[in-house]
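Breakdown of the fold
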Amino acid sequence: MAVDSWISQRAHDIEMSGVRKIFELSRGLKDPIDLSIGQPHFPAPDAVKAAAIRAIETDKAGYSVTQGIPELRGKLKKWTDEKFRHDDREVLVTSGTSGALILAMLATINPGDEVILFEPYFVAYPAMVTLAGGTPVVVETYPKFEIDIDRVRAAITPRTKAILFNSPANPTGVVPQAGPVAELAKLCHERGILLISDEIYRAFTYDGPAVCPATWNPETLVIDGFGKTYGITGWRLGFAHGPRTLIEQMAKMQQFTFVCAPSMVQHAGVAAMDVDVAPLVAEYRRNRDRLVAALSGKYELVKPGGAFYLFPKVPWGTASEFVAKAIEHNLLVIPGSVFGRRDTHFRISFATKPETLERGIEVLLRIADRP
Ligand code: PMP
């Protein structure tokens, strides 16, 4: 078939997301207990919905400047200026956090450049690096999911262009302490390596805020987004802030790819910035505490300080075998093999109603002993 021969090597090289495989395995299930999804279960706040509706009704339908509508970019700029007080920090509004990440890669990675990732990692990271022609270099964080700065040092080569850091982390929920984050930030500064900090889960922390490496390294490129914080993952709104030169190059890439973030969603973003999500975060803190307390005796786990994930070790077999067993019991969770090379852990999302979480806990306790 000629069609097959049209497919590029880079498309071939990307494996179908393991998350989708789980969806497929679970297709026949009636009313599954879904602890697999990486998004909040609550609806968008009313003020955010109203702002989007108003923007549609008042015909805010055209292209925006690629950098983002001035109201939103201005508000984000004020926020970053107050937080960091960096002279050279500029803001770009993007089409989702993924949009910002891919622009960052396109703007910085040359073929053959290496990008260090911490394993386990967000499923799309390696593909984003290879799409830009780069080579992912993996640094393990098992079993505590902590950053070992010596391992990072050992992974650096003359080709290392960037390090991609994520806190609070997907899939572990881990929020590294200030010490290791400062070490990483300083190491990047000393070696002239670009540090990219993906902070999409910034709003979801349960034991104190996540520290931003830009605090110690003003050249850090921070990637952030609205989707998780306000329950609007499908609306596609993200932003990046970092050194002006980098942001300008990313804006150029955006102009010729995504063009701009969806216009009505940018207006909703302005309203979203005034919404307090503390009650929702408190709900997920209760979920986290309940889940950790319920599983602690039966599962080896690291208590997550943020995001809405727990990443325990499977009590028997491989993670794929264990997840297949969970699916037989109507429970959807994600095997660790999706997030890296190891098939030893699995991800539970606790972004759900307490009743659903209880049903999931009941199954997890039931299947914890080797069958
Ligand atoms: N980074 C991380 C760590 C994520 O978990 C996700 C989404 N699951 C993204 C980026 C992508 O977010 P968005 O939907 O805003 O593109």
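Remember, predicted model here, so these are calculated numbers, not experimental data.

The rules behind these values
- Counting restarts for each chain, with residues numbered from 1 along the sequence as it is written.
- Only residues with pLDDT of at least 70 are given local features in this predicted model, and only at 80 or more are side-chain atom pairs given and counted; all residues enter the totals for whole chains, interfaces and linings.
- Based on all heavy atoms of the structure, the side-chain values leave hydrogens and waters out of the count.
- Comment: elements are numbered from the N terminus, with helices defined as DSSP H or I runs of at least four residues and strands as E runs of at least two.
- Helices are assigned an expected span. That span is 1.5 Å times one less than the residue count.
- For each residue, the accessible area found with a 1.4 Å probe, counting protein chains only, is set against the maximum for its type, and the residue is called buried under 20%, exposed over 50%, and partly exposed in between.
- Angles run from 0 to 180 degrees between N-to-C directions of axes, and those axes are lines fitted to C-alpha atoms, restricted for helices to the stretch in contact.
- Left-handed describes a crossing whose near helix is turned anticlockwise from the far helix through less than a right angle; right-handed describes the clockwise counterpart.
- The contact rule is simple, with two residues in contact once any of their heavy atoms fall within 4.5 Å.
- Residues were grouped as follows: Ala, Val, Leu, Ile, Met, Phe, Trp, Tyr, Cys and Pro as nonpolar; Asp, Glu, Lys and Arg as charged; and all remaining residues, including Gly, as polar.
- In the sections that follow, a salt bridge refers to a side-chain nitrogen of Lys or Arg positioned within 4 Å of a carboxyl oxygen of Asp or Glu.
- Stacked, tilted and edge-to-face are the three classes applied to pairs of Phe, Tyr and Trp rings, where Trp contributes its six-membered ring and a pair requires centres within 6.5 Å; stacked means planes under 30 degrees apart, edge-to-face means over 60, and tilted covers the rest.
- For every domain, the bounds stem from an assignment made automatically or drawn from a database.
- For any pair of parts, buried area is found by adding up, for both, the accessible area (1.4 Å probe) each one loses once the two are put together.
- Whenever two N or O atoms come within 3.5 Å, that pair is a polar contact, provided that in protein one can donate a hydrogen and the other can accept it, and provided that, for residues adjacent in sequence, both atoms are side-chain atoms.
- One bridge is not enough; two strands pair if DSSP finds at least two bridges between them.
- Lining residues are those with an atom within 4 Å of a point, where the points come from a 1 Å grid over the protein atoms alone and group into cavities, where a 1.4 Å probe fits but cannot get out, or pockets, open sets with protein on both sides within 12 Å along at least five of seven lines.
- Grid points are joined across faces, edges and corners, and a volume is the space filled by probe spheres set on the points.

Here we take up helix α6 (residues 96–108). With 13 residues, α6 extends 19 Å from end C-alpha to end C-alpha; this agrees with the ideal 18 Å at 1.5 Å per step. Taken across its 13 residues, α6 has 10 buried, putting it largely inside the fold. Among the residues of α6, G96, T97, G99, A100, L101, I102, L103, A104, M105 and T108 are the ones counted as buried.

For the pair helix α5 (residues 70–84) and helix α11 (residues 263–272), the least separation of the axes is 8 Å and the interaxial angle reads 40°. Crossing hand, α5 versus α11: left-handed. When α5 is examined against α11, the residues E71, L72 and K75 are found in contact with a partner set consisting of Q266, H267, G269 and V270. Here the contact of α5 with α11 is built from residues that sort into two nonpolar, three polar and two charged.

Our next topic: the pattern of salt bridges. Taken as a whole and assessed by the stated rule, the structure comprises 20 salt bridges. Here D274 and K75 are joined by a salt bridge, their closest N and O atoms 3.0 Å apart. Of this pair, D274 sits in the loop between α11 and α12 (278–295) while K75 is found in helix α5, placing the two residues 199 residues apart along the sequence. Among the residues examined, D274 registers a relative accessible area of 60% and is labelled exposed. In this structure, R153 engages D150 in a salt bridge whose closest nitrogen and oxygen atoms are separated by 3.2 Å. Within this pair, R153 and its partner D150 are both found in helix α8 (residues 149–155), separated by three residues, close to a single helical turn. Residues participating in the shared-partner salt-bridge network are R73, D88, E90 and R244.

Before going further, it helps to examine the packing of aromatic side chains. Scanning the entire structure with this criterion turns up 19 aromatic pairs. On the basis of an interplanar angle of 80° and a centroid distance of 6.3 Å, the ring pair of W79 and F239 is categorised as edge-to-face. With W79 in helix α5 and F239 in strand β8 (residues 238–243), the pair connects residues that are 160 residues apart, well separated along the chain. Its relative accessible area of 26% is what places W79 among the partly exposed residues. Classification of F239 as buried rests on a relative accessible area of 3%.

This brings us to the domain arrangement of the protein. Each assigned domain of the protein is listed with its residue range as follows: domain 1 (2–44 + 277–366) and domain 2 (46–272). Inter-centroid distance (C-alpha atoms) of domain 1 to domain 2 is 23 Å. If you look at the interface, domain 1 gives 32 residues, while domain 2 gives 34 residues. Together domain 1 and domain 2 conceal approximately 3000 Å² of surface at their shared face, both sides included; 61% is due to carbon and sulfur atoms. When the buried area of domain 1 at its contact with domain 2 is split by residue, A44, F311 and F339 rank highest and sum to 20% of it. Between the two partners, domain 1 and domain 2, sit four salt bridges. Where domain 1 touches domain 2, the interface holds 14 residue pairs in polar contact (both at pLDDT 80 or more). Split by residue class, the side of domain 1 that touches domain 2 holds 18 nonpolar, eight polar and six charged.

As summarised here, the arrangement of the three strands in space is β9-β12-β11, forming an open sheet in which the pairing is antiparallel. Every other strand in the sheet has two partners, leaving β9 (309–310) and β11 (334–335) as the edge strands with one partner each. Bridge count between β9 and strand β12 (residues 346–349): two bridges; the pairing is antiparallel. Paired with Y309 across the bridge in β12 is S349.

Now for empty space enclosed by the protein. In the structure shown here, the tally under the stated rule is one cavity of 30 Å³ or more. Within this model, the largest cavity holds a volume of roughly 180 Å³. What lines the largest cavity is a set of 16 residues, and nearest its centre among them are F118, P120, T141, N166 and A169. Considering only residue class, the lining of the largest cavity consists of 12 nonpolar, four polar and no charged.

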